[in-house]
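Structural overview for review
Here are the chains, one letter per residue:
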Amino acid sequence: DPLNSDDDVSEEDPSELFDTENVVVCQYDKINRNKNKWKFHLKDGIMNLNGRDYVFQKATGDAEW
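Residues numbered from 1 in each chain as written. Predicted model: local features only at pLDDT ≥ 70, side-chain atom pairs only at ≥ 80, totals over all residues. Heavy atoms only, no water.

Within an unreviewed UniProt entry, the label attached to the chain reads Transcription initiation factor IIA subunit 1, and the organism entered is Candidula unifasciata. UniProt annotates the chain under Subcellular location (unreviewed entry) with the comment "Nucleus". (UniProt positions renumbered as here; feature names shortened; annotations may be inferred.)

Below, the structure is given as structure tokens:
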């Protein structure tokens, strides 16, 4: 077998790769974590939230995970 031949995901349906309602695609400046709290500094991205698209240059947020 050729090297890395098991890495391909061509057998899967592309629609199943992102089986989620909300998607954010962007670059990041900085991400900090303190225990289970995360702070995000994002840039140059697009979000699809609840079926609507949002484009942004800079965004900040926090989450508990």
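A short note on the environment of arginine 52
Residue position: arginine 52 is located in strand S3 (residues 52–64). Residues arginine 52 and asparagine 22 lie 30 residues apart in sequence; the distance between their C-alpha atoms is 9.3 Å. (Helix = DSSP H or I, 4+ residues; strand = E, 2+ residues; numbered from the N terminus.)

A look at the pairing of strand S1 (residues 23–34)
Bridge count between S1 and strand S2 (residues 37–49): 10 bridges; the pairing is antiparallel. Within the sheet, the bridge partner assigned to arginine 33 lies in S2 and is tryptophan 38. Following S1, the chain reverses through 2 residues before pairing antiparallel with S2; lysine 35 in that reversal takes a positive phi of roughly 55°. (Pairing = 2+ DSSP bridges.)

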